[in-house]
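# Commentary on secondary and tertiary structure
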Amino acid sequence: GLSGFTKRAESEYDPFGAAHAATSISAALGFAVARDRDKRDNHVVAVIGDGSMSAGMAYEAMNNAAAATKRLIVILNDNDMSIAPAVGAMSAYLSRLLSSKSFMSLRHIAKEVVRHFPKPLEDAARRAEEYARGFVTGGTLFEELGFYYVGPIDGHNLDHLLPVLKNVRDSREPGPVLIHCVTHKGHGYPPAENSEDKWHSVAKFDIVSGAQVKSKSTAPSYTSVFAKSLIKEAEADDRVVAITAAMPSGTGLNLFGEKFPRRCFDVGIAEQHAVTFAAGLAAEGMKPFAAIYSTFLQRAYDQIIHDVALQGLHVVFCVDRAGLVGEDGATHHGVFDIGYFRQIPGIVIMQPRDENELGHMMATAVAHHEGPVVVRYPRAPITGVARVPPKVLEIGKGELLRHGKDVAIIALGTMVQPALDAATELAKDGIDASVFDARFVHPIDTDSITDLAKKCGRLVTVEEHQVAAGFGSAVAEALEASGAPTVPMRRIGLPHEFVHHGTRAQLLELVGLTPACIATEVKAFLTSEQPQYS
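Rules used throughout
- Residues numbered from 1 in each chain as written.
- Predicted model: local features only at pLDDT ≥ 70, side-chain atom pairs only at ≥ 80, totals over all residues.
- Heavy atoms only, no water.
- Helix = DSSP H or I, 4+ residues; strand = E, 2+ residues; numbered from the N terminus.
- Buried < 20%, exposed > 50% of the residue type's maximum accessible area, 1.4 Å probe, protein only.
- Areas by Shrake-Rupley, 256 points an atom, 1.4 Å probe, with all protein chains shown as cover.
- Core = buried A, V, L, I, M, F, W, Y, C linked by side-chain atoms within 4.5 Å.
- Expected span 1.5 Å × (residues − 1).
- Contact = heavy atoms within 4.5 Å.
- Pairing = 2+ DSSP bridges.
- Arc of directions from axis to C-beta.
- Axes fitted to C-alpha atoms, helices over the stretch in contact; angles between N-to-C directions.

### Focus: the overall build of the chain
- Counting its regular elements, the chain contains 21 helices and 19 strands.
- Taken across its 534 residues, the chain has 49% of its residues classed as buried.
- Just so you have it, the chain exposes about 25,200 Å², and 56% of that area is on carbon and sulfur atoms.

### Examining the environment of Ala516
- Relative to the helices and strands, Ala516 resides in helix 21 (residues 515–526).
- Once the C-alpha coordinates of Ala516 and Ala423 are considered, the two residues, 93 residues apart in sequence, prove to be 9.7 Å apart.

### Quick look at the nonpolar core
- Counting 51 residues, the largest nonpolar core has Leu297, Phe317, Phe341, Leu459 and Phe471 as the members making the most contacts within it.
- Counting 29 residues, the second largest nonpolar core, distinct from the first, contains Met362, Val373, Val375 and Leu393.

### Looking at helix 9 (residues 222–236)
- The end-to-end C-alpha separation of helix 9 is 21 Å, in line with the 21 Å expected for 15 residues at 1.5 Å each.
- The buried count for helix 9 comes to 11 of 15 residues, which makes it a mostly enclosed element.
- Within the span of helix 9, buried status applies to Tyr222, Thr223, Ser224, Val225, Phe226, Ala227, Ser229, Leu230, Ile231, Glu233 and Ala234.
- Of the surrounding elements, those touching the buried residues of helix 9 are strand 7 (240–244), helix 10 (248–251), helix 11 (253–259), strand 9 (287–293), strand 10 (316–320) and helix 16 (355–367).

### A short note on the side chain of Ser473
- Looking at the element boundaries, Ser473 is found in helix 19 (residues 471–482).
- For Ser473, the contacting residues outside a window of four places in its chain are Arg342, Val467, Ala468 and Arg491.

### Focus: the pairing of strand 7
- Strand 7 sits mainly inside the fold: five of its five residues count as buried.
- By the alternation rule, side chains of strand 7 split into Val240, Ala242 and Thr244 and Val241 and Ile243, which are all buried.
- With five bridges joining them, strand 7 and strand 9 adopt parallel strand pairing. Directly across from Val240, in strand 9, lies its bridge partner Lys287.
- Sheet topology note: the strand 7/strand 8 (residues 264–266) ladder contains three bridges and is parallel. Bridge pairing in strand 8 links Ile243 to Phe265.

### What to know about helix 2 (residues 56–68)
- In this model helix 2 runs 18 Å from its N-terminal to its C-terminal C-alpha over 13 residues, within 8% of the 18 Å that 1.5 Å per residue would give.
- The complete set of buried residues in helix 2 reads Ala58, Ala61, Met62 and Ala65. All buried residues of helix 2 lie within an arc of 100° about the axis, which places them on one face of the element. Of the exposed residues in helix 2, those oriented more than 90 degrees away from the buried face are Glu60, Asn63 and Ala67.
- In this fold, the buried residues of helix 2 make contact with helix 1 (24–37), strand 1 (45–49), helix 6 (140–144) and strand 4 (177–182).

### Considerations on the sheet that holds strand 1
- The sheet built from four strands is open, its strands ordered 1-2-4-3 with parallel pairing. Two strands close off the open sheet at either side, each with one partner strand: strand 1 and strand 3 (148–154). On average, each strand axis in the sheet is inclined to that of its neighbour by 20°, with strand direction left out of account.
- Note: strand 2 (residues 73–78) against strand 4, six bridges, orientation parallel. Within strand 4, the position partnered with Ile75 by the bridge is Ile179.
- Running over the sheet, helix 1 touches strand 1 and strand 2 and is turned about 175° from strand 1.

### Quick word on unusual backbone geometry
- Note that the residue after Gly151, namely Pro152, is joined by a cis bond; omega there is -5°.
- The residue Pro152 is located in strand 3 in this model.
- Between His442 and Pro443 the backbone carries a cis peptide bond, its omega angle lying at -5°.
- With phi around 75°, Ala22 is a residue other than glycine that occupies positive phi space.

Here you go:
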């Protein structure tokens, strides 16, 4: 089916790929500068939501725009009333006036005249205009960034909106323009108006009632188990605080926020700020848990290294959506975080195989006081095993779940159960496989893995992550560093390419991470000549 986001390869009407917030102004500026260089005359329009205006990238682009191009139109869709108050007929009239050719030309002439006034009068005239425009529009900030501000206007009233768009389109006055439209999310469709958050991402739904058709699971998700585990830790330790970057319900922190409203912080779409904010909290003795999707945390890599790890601060990164996320596709799969985390000195990286292990890892994250900790978990239902009280795990220690002599399958997180199922299939063909739950990517359980290599003679690693720079690479590097005898080794994981959208089950089949696929790969490995890896 169609991508859920704009995609250049899919349609000529998708000029730029999207899915992460706050990129539109930067990309549009690139389009505009390229247009200017080629002496073309087309319009470039960027549309950005008010939520994305909490991201620093939007302001970085606006700060650069006035110096880089003379023609750029930005439409700010403010659907949460977060920037300006409600607007009426007078404001709509002023917006049409301010965007008209005659007013823009008159304003330009007035500025030129004022420039020849004595300095005190020039400053007074400028302040008077700013005061007047700020009073009726609230646009002073955008004006200071070099934009001609128009608005706020009712984005649902076409009699107000269309004249403004036409005025801005037809104007040839120099400088970028920002049109501030106030809208209501879900406007005109009561189910969406009454439940805005549930309609951020939509599954199949009944158009009359608005009821969404979603697959049901008797087991809770990893996200909900994480939230409940964090609440328990916070009840026992008042220094535990939680941070999210505009995804409180997606990360489960809405539950934490209901219980501890003064200890839960939603910083908006600002992952870089979220990480450094967490570092500041940790520097003062708090225990911050930053719950951010894997794909979004990529945006804060510098802060993870510079502000957290380099200072050895105890920040816990709760990496949601680690692995294949399904229908959101390549932009949202969390399949790069092991690679970008594991090269950081002093970091602890864990992934649970079930809900009990997640509880243990949350307790371990609270108890561990030396440097950053990563707990990664998928967007998936959990196994529904009987719950046991959480305990603190030994850092860097895995667990052998099945003994075998022919090959050792070393699995991580979501791949542990498929590895166990694959071992059961292999046993039908007379292949006796060990299965080892690594638990930790860093520090890795080198002693146990080395012992398995000696006993079984062949190793297979399985991970729901890119093979390149992933968990299997960590195992190979650890064995080489240990000086253990070389053994044949096969790494199973995602191919070194972007995986597109589909259901999670479809994608696991596609990339060969089902039990049957793993068993087939292991059999092929055992019957072929293999290169030697440490």
